[in-house]
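Chain by chain, the residues run as shown.
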Amino acid sequence: WTYIPDCILLHIFNFSSAKDVLNAGLTCKRWNMFSLDEVLWKRLFFRKFCITPGLPIAPGKYSWYEEYKRLCYHTPRVCSEVLHGHRHEVLHVSFSHDGTMFATSSKDGFIMVWDSDYPVKIKYSYDMKEFSWKCTQFSQFNKSDTLLLVSGVHFGSHSSTSGEIAVFSLQGGFQLQCRVGNKPYDIFGTWYSDRHLLSGDLSWLAHLVSTTGLWINKASQETSSERTPILNQLFRFYNTNASSVRTVMVAECVNESNKNISNPSSSGNHISEKQQYKDRAGEDDFQQNGDSDNEDDDLKGQPEKLLIFTTGSKTYTPHQIGFKKIKGVKFPKILQPGPSLKERIAKHRERQMVASIPIPGIWQNYNSSDKFDEADHLLDLHGHIIGMGLSPDHRYLYVNSRHWPENYVITNPLEPPPIAQEIDIHVIDLVNFCEVGKQLRSHKAYTPNHLCFFIFLDVSEEYVASGAEDKHGYIWDRYYGICLGKLPHNDVVNSVAFNPMDQGMLVSTSDDYEIKVWRSISFLDSAIGPTERRKLPYALYNLKKK
């Protein structure tokens, strides 16, 4: 063995496992040198993870050995803790930006905040059934991690879509700051800035025709004067075929100086006609002071942002993603008093007289471009959208979708096409507004259109993870497009979230009432040692080409 030729030794190593190669490298300096050969590790990497032949190493990476080590030892695949704080199905999990806390929402009506340090401990808890909430369904920390947005569903009939958003302070206790109406509840709500959030309202105009308003709200709504505004309408969209705006998100604009996605119809005449419509609709009861000196300090200097939302045009199920730039939000500190009570009553009677004149089909055949806001871009995924997540740099949008059959035809908007059991993850470039990369497909869902629910996914710098209805969460590598593992639960996995400061930590929530914390082998070896770590349950490997 001392005089074995180099090429023969490398050839033998090619048939060995990674563990055997590393053990052989402990024999002597010569074998150690060959055990770290990059060509050897490239072959081991491709064989282990079933990578497409010819695929180069990930951008910013220079060692196949280090890439092999990352996917094996730094991916969250070991279940270090199982939390049983909730007494019902756990629907969502979200992390604070500094990674020190995460919040969970559940059908038991509680919102819970946990310390993420090992071992995880509960920090705050609040029962939202006190406010007639059926469940908490979503949460999001603001940028400074001082406030927590919590979205929930009101008690009501099965067909009710009424929801509410609550904001809690994370400083000096878990104090409720405000509550904001939100309809439909699956708009969820999102932070626009550190102290302002977005909510929605839905108003039906006629059969299958509605309008959705998106409102910007102050997170703290205590005021010393009735002339101090606490909310302001941002957009109002026109919906057809029983569709509506759902699942709103706000992203930072990427390369905004090089891209202009404004709608060509947004001219001065367009604004004038829209204001005229609002006047006729009676939305001018109070006139806002547009003086920039009175603008809210939290909104000053805010860069242009991108509103992302799901919607539809062919049927009531969300099958399109809308994009609209948010430019220069005005939220004055003072409201100027509008018309007097006598003047408003006169206007109201005038509108009633106009409304009493029957105009058949006025809303069904309405030209909305002059009266409502329109999306700058619409992307149709030809399937039921059930989840969205932004990459940390806000460059890419990852979307869970269950596709429709090929050559589908929709004749009735209340009867959408059947949806597939396979869930596709579409990757959308938010600079060019087009699909890029691979469609990751490993996870499944089984509910039909009318029972379909959100499956939350999350994206870190190098991984993407998602829940599924097949009792597993899934982790993929973003660049190589491979499934790195299945995270087992005893029921539907509703949500997953990476720690933004440590992508080696992931939390999954499930209908089995459990919250599972997954950590990397490297972390647990340093925290509890290899012997104790080996006793813990592992994610299942699912290394197949997709």
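About the cut-offs
Residue positions are counted from 1 within each chain, in the order its sequence is given. Totals for whole chains, interfaces and linings use every residue, but because this is a predicted model, local features are given only for residues with pLDDT of at least 70 and side-chain atom pairs only at 80 or more, for both listing and counting. For the side-chain quantities, the full set of heavy atoms in the structure was used; hydrogens and water were omitted. By this definition, two strands are paired if DSSP reports at least two bridges between them. Here a helix means four or more residues in a row that DSSP labels H or I, a strand means two or more in a row labelled E, and each is numbered from the N terminus. Each axis is a line fitted through C-alpha atoms, taken for helices only over the stretch in contact, and angles between the N-to-C directions span 0 to 180 degrees. Accessible area is worked out with a 1.4 Å probe on protein chains only. A residue is then buried under 20% of its type maximum, exposed over 50%, and partly exposed in between. Only heavy atoms enter the contact rule, under which two residues are in contact if any of them lie within 4.5 Å. Any N or O atom pair separated by 3.5 Å or less is treated as a polar contact, with the protein-specific requirement of one donor-capable and one acceptor-capable atom, and with residues adjacent in sequence counted only for side-chain atom pairs. Definition of nonpolar core: a set of buried residues of the types Ala, Val, Leu, Ile, Met, Phe, Trp, Tyr and Cys, connected through side-chain atoms within 4.5 Å. The start and end points of each domain follow an automatic or database-based domain assignment. By convention in these notes, a salt bridge is any Lys or Arg side-chain nitrogen within 4 Å of a carboxyl oxygen on Asp or Glu.

A. Representation of the sheet that holds strand 25 (residues 463–466). Pairing is antiparallel across the open sheet formed by four strands, whose spatial order is 24-25-26-27. Looking at strand neighbours, the two that pair on one side only are strand 24 (457–459) and strand 27 (483–488), the edges of this open sheet. For this sheet, the mean inter-axis angle between neighbouring strands, taken without regard to orientation, is 15°. When strand 24 meets strand 25, the two strands line up antiparallel, connected through three bridges. What sits directly across from V459, in strand 25, is V464.

B. Layout of helix 5 (residues 64–73). Among the residues of helix 5, those classed as buried are W64, E67, Y68, R70, L71 and C72. Looking at the buried side of helix 5, the elements it contacts are helix 2 (18–24), helix 4 (38–49), strand 25, strand 26 (472–477), strand 27 and helix 8 (521–527). Two or three places before Y65, at the start of helix 5, stands the capping residue S63, its side-chain oxygen 3.3 Å from that residue's backbone nitrogen.

C. Region of interest: unusual backbone geometry. Each neighbour pair has its own omega, and for Y118 with P119 the value is -10°, a cis peptide bond. Between K183 and P184 the backbone carries a cis peptide bond, its omega angle lying at -5°. Looking at the secondary structure, you find P184 in the loop between strand 9 (176–182) and strand 10 (190–191). Even without glycine at this site, S132 takes up a positive phi of about 65°. Mapped onto the fold, S132 is located in the loop between strand 5 (121–127) and strand 6 (133–141). For S132, a relative accessible area of 42% puts it in the partly exposed group. The phi angle at A242 is positive, at roughly 65°, despite the residue not being glycine.

D. Summary view of the nonpolar core. In this structure, F13, F45, F49, Y68, I475 and L506 are the most contacted members of the largest nonpolar core, which totals 34 residues. Put simply, the parts of the chain that give this core at least two residues each are helix 1 (6–14), helix 2, helix 3 (29–35), helix 4, helix 5, strand 25, strand 27 and strand 28 (493–499). Ranked by the residues each element gives to this core, the list is headed by helix 4, at six residues. Both domains that furnish three or more residues to this core are identified here as domain 1 (6–72) and domain 2 (75–253 + 300–328 + 371–535). The contacts of I475, once residues within four sequence positions are left out, are T75, P76, Y463, V464, A465, I482, C483, L484, G485, L487, F498 and L506.

E. Representation of the sheet that holds strand 12 (residues 209–218) within the structure. Taken in spatial order, the four strands of this open sheet run 10-11-12-13, and their pairing is antiparallel. Both outer strands of the open sheet, strand 10 and strand 13 (231–239), are each paired with one neighbouring strand and no more. Pairing analysis gives ten bridges linking strand 11 (residues 196–206) to strand 12, with the strands arranged antiparallel. Looking at strand 12, one finds that W204 is bridged to S210.

F. Quick peek at the pattern of salt bridges. The tally for this structure, following the rule as stated, stands at 18 salt bridges. Put simply, E252 and K305 hold a salt bridge, and the shortest N to O gap is 3.8 Å. Of this pair, E252 sits in strand 14 (residues 246–252) while K305 sits in strand 16 (residues 305–311), placing them 53 residues apart in sequence. Classification of E252 by relative accessible area gives partly exposed; the value is 32%. Among the salt bridges present, the one from E304 reaches K325, with a minimum N-O distance of 3.4 Å. In this pair, E304 sits in the loop between strand 15 (287–288) and strand 16 while K325 sits in strand 17 (residues 320–326), placing the two residues 21 residues apart along the sequence. Members of the salt-bridge network, linked through shared partners, are K61, E67, R70, E462 and D477.

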